[in-house]
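# Understanding the architecture of this molecule
The primary structure of each chain is shown beneath.
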Amino acid sequence: MKRYETVIGLEVHVELSTDSKIFCDCSTRFGEKPNANTCPICMGMPGALPILNKKVVDYAISTGLALNCTIVKNCMFDRKNYFYPDLPKAYQISQLYFPIARQGRVTFNTRDGNKSIGIHELHIEEDAGKLLHDSDKKVTLVDYNRSGVPLIEIVSEPDMRSADEVVAYLDKLSSMLSYMGVSDCKMQEGSMRVDINISVRELGDTRLGSRTEIKNMNSFKAIRRAIEGESKRQIDILIDGGQILDETRRWDDDKNKSIRMRSKEEAQDYRYFPEQDIAPIEIPNEWIHKLHRLLPEFRDEKIIRFQKDYGISEYDARVLTSSKEIADLFEDTSKLYNLPREVSNLLMVEGMRILKDNYLDPEDLRLTPESLSKLIGMIDRGEINRTKAKAVFEEMCLKGVDPEDYMKRYGLEIINDDKKLRLVALKVLEDNPQSVSDYKKGKTKAFGNLVGQTMKAMNGKADPSLVNTILKELI
Amino acid sequence: MKEVTRMSALTLARKIKNRELSVEEVTEAQLQVIKEREPIYNSYITITENEAKEQAKAVQRQIDDGEFKNSPLAGVPVAIKDNICTKGVKTTCASKMLADFIPSYNATVTERLRDAGAILIGKVNLDEFAMGGTTKTSYFGPSKNPWNPDYTPGGSSGGSSAAVAAEEAFVSLGSDTGGSIRQPAAYCGLVGFKPTYGTVSRYGLIPLASSLDQIGPLGRNISDCVSVLEAISGYDPKDSTVVKQEKYAYSQALVDDVSNMRIGIPKLYLDEDLNEDIRSCFMGALKTFEDMGAKLEIFDINEIMYSLQAYYVISCAEASSNLSRYDGVRYGHRTADYDSLDELYKNSRGEGFGYEVKRRIMLGAYMISSGNYETYYNKARRIRSAISRAYEKAFDKYDVLLSPESLNTAPLLSSDSSQTHKKHKSEMLNCSVNLAGLPAVSIPCGKDRKGLPIGLQLIGNKFGEKNIIQAAYSFEQTKPYERPKVR
């Protein structure tokens, strides 16, 4: 039987997290009232002209550098012409002939070792609006809030061979982009959208087979299923002696199959030509160097360094670096109070749980390195026990409280008052003669009961080691 | 009061400053003249009577408060071509497509004229979307030449030229993509100034071809035009194709001196089958310059032979894309007859655009479609670069180039203007200037045997406005403004 391999290249559209749109001053905020963020420019009114947002160029250059691309020093914009109601000018300003970055490479590790994916190019473009269909009234409305939101499109070479590699590549991309603050890469909000180019060929064949393009994927799970489903569909056709058609398809995740949208012959002619309303962007070396210096340390480097600098495990380093916010919080806190294992435990276990339970993103945490280091200090000095510390931590994450103030206000501090403890301990011993005698007979478990009773009487605020000592003395 | 409207813009503004005239009475007089003459000339699409009167009141108050001391245009009624956006005032492009379009924003030039205290008296006619040279493609009917209403005032800025020549405005704004300011100015015996590409902001100019369009003034003398140019030119954060430069004081170049000025005359233009009247006027103009001490030389610049072809490809390609946004979805004409999105597009555009507009959109779309891009569009761009280089070389040797503005005087409105060979040759003179992005001015230099004005074109190097202003001003001293016998 013949064996086949799947060949995959991706086109990834990423919405940039600039405050304003690419060609006007309108806000990019998500979830506003329809058409609240619009002006003559992003509405395509007659005579309005685009003015390029420099931040977009910054972000695109940084991304290009992070992906080891060559920056095109004289890049230009082009018009992609087509009619659709969500596209107010009836052309999209994009880059075809001189994209801002070319020929890059991104490397990540997989179970089978390092994998390197070529980047064909990276270009800047504007997003379109959104159509809202009202089936009751039989009308279609258009919301232009998204019209003119900046995008970069990252086009890979056909270097991926499996869904696993695709997901790993996307993970790596979105981690890098979020680390740079270029995009939040939220697939569910549409700030990262993926087109998959997929073909199959006999193992050992070096030519590329006919490909299909699956448009607009917006979840990792669907991407995985689409690749597996589409590659199986193609292999089945080849086994039956059929031919793969060069066409655009759509993945129906409910039916778990891809559906044909249009063939190559039906593909639109976009009549690309140079945009004359925007002067070519000249990018001097100084600009590139400056942005190069500003590139952050990315996740893979951080994972290695955290193990070395803070003596934590690879697993811990991986979890902590899953977002830049958490990684920075860990590192900045550890610098303020040198107890990295404690910081790491709290962030990894409690922090991750709090995020999950409250559906939050790391940037939503109201924790600061200063407040967290205070809490770590309090734990370290035995001023608060771990259970209470967890509760304080949660309040810090969600409400931004100061741990000392909070502890004092709610009386959570550990009571180290020897006299008071002795009085309470005596009372416990009197009330539990059975346990005392059991302990004296050598049943260590009974001692645990006594400690528990004492702690309970102290509302959990006593220092457990001090309780231990006092009880032993008294018995 | 009618004599008021015969003055030059600068004379009028001086009299307003000296309290010899009030802005309100000037505005009133201007509106009166417009009302009387519009039935003949049809220069205007919209007359902004109420807005003008209100603005006149406000400007007079400001003048009384001591403002506008340095503005030579305060209180001067101006007309604006109807493809330049005016907030709250219809801006139609002389098309059914935008017949009811009211912009919510001003073009930068509109804003700047207002800031200078000029009174916006109305919006003037043009060929539909500035495509043409006669105003005959206007949805609102053609304008008439004040020298003889049987003839065209030229185009596309034909309303701009008719209005100023008929004294229905003191100065006007036009737009020039391939001669659309200079040719109507020549046909109506006016001065028409097309600045260097990147001098005047295009924000709010409804584009024909983005890489060629430039806004400029039409007036009855070079000084009036220069004062408008000074008001509207300069850096604009809303248009990234405007070149950042020190604001140039153009009026400093209003000097009567061309001694030792190096003037080149492209041989090509002399070889053309110029009509006899134009040839003799042109030769007369050359002699005038020679007599004034300029150094004249005939030279070869054959690259511009191909400028018309390159111009058509580039301007139609850009227009096809620029005019795509008129789809009936958000504004403009929407068909009543549709059952699908495709029909909405097809019928709205089919009904909203006239023949010439559709012709150019189709040509343009064809020339940038895949497979044709290299053959037509890129080849045209290479020709364009060659033309630019040829002009650059010429300006190493000369300060100013001279040519006839047109190979003919204004044609009859009744004549079939569709693509005569001669008309195309005539456009070649003009559009090479746009392809190279150069400044050029057309000034009156005589009349033909029918009594129609003849224009002389002065072309300058990029941002060399100063040279052509000085040459035009010097020439004007020998030929004072001649007005048509209106009515």
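Because the structure is a prediction, the values reported are computed rather than measured.

Conventions used here
- Residues numbered from 1 in each chain as written.
- Chains lettered and ligands numbered in written order.
- Predicted model: local features only at pLDDT ≥ 70, side-chain atom pairs only at ≥ 80, totals over all residues.
- Heavy atoms only, no water.
- 1 Å grid on protein atoms, 1.4 Å probe; cavity = no way out; pocket = protein on both sides within 12 Å on 5 of 7 lines; lining within 4 Å.
- Points joined across faces, edges and corners; volume = space filled by probe spheres on them.
- Nonpolar A, V, L, I, M, F, W, Y, C, P; charged D, E, K, R; others polar.
- Domains from an automatic or database assignment.
- Core = buried A, V, L, I, M, F, W, Y, C linked by side-chain atoms within 4.5 Å.
- Buried < 20%, exposed > 50% of the residue type's maximum accessible area, 1.4 Å probe, protein only.
- Contact = heavy atoms within 4.5 Å.
- Buried area = accessible area lost by both parts, 1.4 Å probe.
- Salt bridge = Lys/Arg side-chain N within 4 Å of Asp/Glu carboxyl O.
- Polar contact = N/O pair within 3.5 Å; in protein donor to acceptor, adjacent residues only side chain to side chain.
- Helix = DSSP H or I, 4+ residues; strand = E, 2+ residues; numbered from the N terminus.
- Expected span 1.5 Å × (residues − 1).
- Patch = residues over 30% accessible without salt bridge, like charges linked within 9 Å, V, L, I, M, F, W, Y side chains within 5 Å.
- Areas by Shrake-Rupley, 256 points an atom, 1.4 Å probe, with all protein chains shown as cover.
- Lys, Arg positive; Asp, Glu negative; His and termini not counted.
- Charge placed at Lys NZ, Arg CZ, Asp CG, Glu CD.
- Arc of directions from axis to C-beta.
- Pairing = 2+ DSSP bridges.
- Axes fitted to C-alpha atoms, helices over the stretch in contact; angles between N-to-C directions.
- Parallel < 35°, antiparallel > 145°, perpendicular 65-115°, else oblique.
- Left-handed = near helix turned anticlockwise from the far one by under 90°.

Glancing now at empty space enclosed by the protein. Residue and element names in this part refer to chain A. If you walk through the whole model with that rule in mind, you get six cavities of 30 Å³ or more. Each pocket or cavity is described by its volume, and for the largest cavity that value is around 150 Å³. Surrounding the largest cavity, 21 residues form its lining, F23, I41, P50, K89 and E126 being those nearest its centre. Tallied by class, residues from the lining of the largest cavity come to twelve nonpolar, three polar and six charged. Size it by volume and the second largest cavity reaches roughly 60 Å³.

What follows concerns the domain arrangement of chain A. Domain annotation of chain A identifies domain 1 (4-289), domain 2 (304-406) and domain 3 (418-474). The distance between the C-alpha centroids of domain 2 of chain A and domain 3 of chain A comes to 33 Å.

On to the nonpolar core, then. Counting 249 residues, the largest nonpolar core has Y169 of chain A together with F129, Y391 and L458 of chain B as the members making the most contacts within it. Ranked by size, the runner-up nonpolar core spans 15 residues in total, among them L421, L450, V467 and L471 of chain A.

Before going further, it helps to spend a moment on the interface of chain A and chain B. Each partner contributes to the interface: chain A provides 31 residues, whereas chain B provides 39 residues. Taking both sides of the interface into account, the surface hidden between chain A and chain B amounts to around 2,800 Å²; carbon and sulfur atoms contribute 58%. Contact with chain B buries surface across chain A, with P46, F83 and Q276 of chain A losing the most and accounting together for 21% of the total. We note a salt bridge from R202 of chain B to D277 of chain A, for which the minimum N-O separation is 3.1 Å. Remark: the boundary between chain A and chain B carries 16 residue pairs in polar contact (both at pLDDT 80 or more). Listing elements by their share of the side of chain A that touches chain B, those giving two or more residues are β4 (78-81) and β15 (273-274) of chain A. Tallied by class, residues from the side of chain A that touches chain B come to 22 nonpolar, four polar and five charged.

Given a rise of 1.5 Å per residue, 25 residues ought to cover 36 Å, and the 36 Å separating the end C-alpha atoms of helix α13 (residues 373-397) of chain B matches this to within 8%. Turning to α13 of chain B, its buried residues number three or more, namely Y373, Y377, N378, A380, R384, I387, S388, A390, Y391, A394 and F395 of chain B.

This part is about the domain arrangement of chain B. All names here are of chain B. When cut into domains, chain B gives domain 1 (1-304 + 379-487) and domain 2 (309-373). With 28 residues of domain 1 in contact, the opposing surface of domain 2 contributes 25 residues. Between domain 1 and domain 2, roughly 2,200 Å² of surface is buried when both sides are summed, and carbon and sulfur atoms account for 66% of that area. By the criterion of area lost to domain 2, the three top residues of domain 1 are K96, M97 and M131, representing 30% of everything that side buries. Taken together, domain 1 and domain 2 are joined by zero salt bridges.

With that settled, consider a negative patch on the surface. Residues and elements named next belong to chain B. Taken together, the side chains of D337, D339, D342, E343 and E351 present a region of like negative charge at the surface. Along the chain, E351 turns up in helix α11 (residues 341-352). Of the residues examined, E351 reaches a relative accessible area of 31% and is grouped as partly exposed.

Turning to helix α4 (residues 285-293) of chain A, a few remarks are in order. Side chains that are three or four residues apart share a direction in an α-helix, a result of its 3.6 residues per turn. Residue and element names in this part refer to chain A. Of all the residues in α4, the buried ones are W287, I288 and L291. The arc that holds every buried residue of α4, seen down its axis, measures 95 degrees, which confines them to one face. Seen from the buried face of α4, the exposed residues on the opposite side, beyond 90 degrees, are E286 and R293. Buried residues belonging to α4 abut α1 (54-66), β2 (70-71) and β16 (281-282).

Once that is clear, we can look at a positive patch on the surface. All names here are of chain A. A cluster of like positive charges, contributed by K54, K55, K290 and R293, occupies part of the molecular surface. Every element with two or more residues in the positive patch is listed here: α1 and α4. Along the chain, the position of K54 falls in helix α1.

A few words now on the sheet that holds strand β2 (residues 77-81) of chain B. All names here are of chain B. Read from one edge of the open sheet, eleven strands run β1-β3-β2-β4-β6-β5-β10-β11-β9-β7-β8, paired in mixed fashion. Looking at the sheet topology across the chains shown, the edges are occupied by β1 (44-47) and β8 (295-299). This sheet shows a mean twist of 30 degrees between the axes of neighbouring strands, independent of strand direction. Of the strands in this sheet, β1 and β3 (119-124) are in contact with helix α3 (residues 49-64), which crosses β3 at around 160 degrees.

Let us now look at the packing of helix α7 (residues 324-336) of chain A against helix α8 (residues 340-357) of chain A. Residue and element names in this part refer to chain A. Axis separation between α7 and α8 bottoms out at 10 Å; the angle between their running directions is 150 degrees. Relative to α8, α7 is oriented roughly antiparallel. Between α7 and α8 the crossing geometry is right-handed. The residues of α8 that touch α7, namely those facing I326, L329, F330, T333 and S334, are P340, V343, S344, L347, M352 and L355. Residue composition of the contact of α7 with α8, by class: eight nonpolar, three polar and no charged.

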